[in-house]
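So the chains spell out like this:
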Amino acid sequence: MRDDRRLRSVDLARLAGLSTQQIRNYEDAGVLPPAVRTASGYRVFGEVHRRALLAYRALLKGYGPVTATPVMRCVHDGDVPGALALVDAAHAALHEERNALRAAREALESLAGEDPAPPPASPDLRIGEVAALLGVRTSALRVWEAAGLLTPRRERGTGYRVFGPADVRDARLVHTLRRGHHLFDRIRPVLDGLRREGSGEALRAALDARDEALTARTRAMLEGAGALHAYLGDRERLSAAGTTTGSTAGGPGPSPR
């Protein structure tokens, strides 16, 4: 494809199945480099805009618009290091998600093989009774509550903590995971997952699905990063050839503004 060909808004739009208004929005947002304007104000795009659009669409699949848009804006502002820093930050965040997922899986596995918790002697227990049942201090239960791991209700009038069967179950799970040296921020997702999914097996399936989703996202990010790398090289080559805008302004353009 010639590097100096003139493209209309509709030509770019057709490449990605977009509307011409979206193309204009992309230029306004800095996703595309500034278009050449004719004397009457019509936009004229070129090869660099086509390649920018393809790179952005590839970035969207893995990074999403919150990262992809400022990455392209940085590139077109001449801040390539800033664009790459945003890419680095996205990969670092994904790494943290993987670490959290791995820790949640390890915490869940540490619960496997545990004997089912016997039902409490009465529907509701006070904090001292729960502490005695688990063999911990009442202060430990208060710390777990302050960390948001336990949410016992308060008795009207006295303000005493009241632990129902679900609260006792959660306290037992926290106790088991703490004995396995799991930190609070690793225990919380497991508790939330068990409450949401209803069982360890259901949570394990949910973690597996999340793992698959992260893998798919990683591959999409790699594809997007490759497209960005290619676009940066294209810009350098087109700039050296003096065709970064694709054309020069001329008479009335072939497409709406």
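Look up: the structure comes first, before these words.
Presented here is an overview of the structure given in this document. Every value quoted in this text rests on a predicted model; they were computed, and no experiment measured them.

Cut-off values and rules
- Residues numbered from 1 in each chain as written.
- Predicted model: local features only at pLDDT ≥ 70, side-chain atom pairs only at ≥ 80, totals over all residues.
- Heavy atoms only, no water.
- Helix = DSSP H or I, 4+ residues; strand = E, 2+ residues; numbered from the N terminus.
- Buried < 20%, exposed > 50% of the residue type's maximum accessible area, 1.4 Å probe, protein only.
- Contact = heavy atoms within 4.5 Å.
- Phe/Tyr/Trp six-rings, centres within 6.5 Å; stacked < 30°, edge-to-face > 60°.
- Core = buried A, V, L, I, M, F, W, Y, C linked by side-chain atoms within 4.5 Å.
- Arc of directions from axis to C-beta.

## Focus on the overall build of the protein
- A count of helical and extended segments in the protein gives 10 helices and four strands.
- Put simply, the protein runs from its N terminus to its C terminus through helices and strands in the order α-α-β-β-α-α-α-α-α-β-β-α-α-α.
- Put simply, the protein has 257 residues, and 41% of those count as buried.
- Within the protein, contacts between residues at least 6 apart in sequence are counted, and of these 67% link residues at least 24 apart.

## A short note on the packing of aromatic side chains
- For the structure on display, the rule yields one aromatic pair.
- Look at Tyr26 and Tyr56: their rings are 5.0 Å apart centre to centre, the planes differ by 75°, and that puts the pair in the edge-to-face class. With Tyr26 in helix H2 (residues 20–29) and Tyr56 in helix H3 (residues 47–63), this pair connects stretches of sequence that are 30 residues apart. Judged on exposure class, the residue Tyr26 and its partner Tyr56 are both buried.

## Topic: the nonpolar core
- The biggest cluster of nonpolar side chains holds 60 residues, and the ones touching the most others in it are Ile23, Leu32, Met72, Val130, Leu141, Trp144 and Leu228.
- Residues contacting Leu141, with those up to four places away along its chain left out, are Ile127, Val130, Ala131, Leu134, Val136, Leu150 and Ala171.

## Focus: helix H1 (residues 9–16)
- Listing the buried residues of H1 in full gives Ser9, Leu12 and Ala13. Take H1 and look down its axis: the buried residues cluster within an arc of 100°, on one side only.
- Where H1 is buried, its residues contact H2 and H3.
- After H1 finishes, the residue Gly17 shows a positive phi value of roughly 65°.

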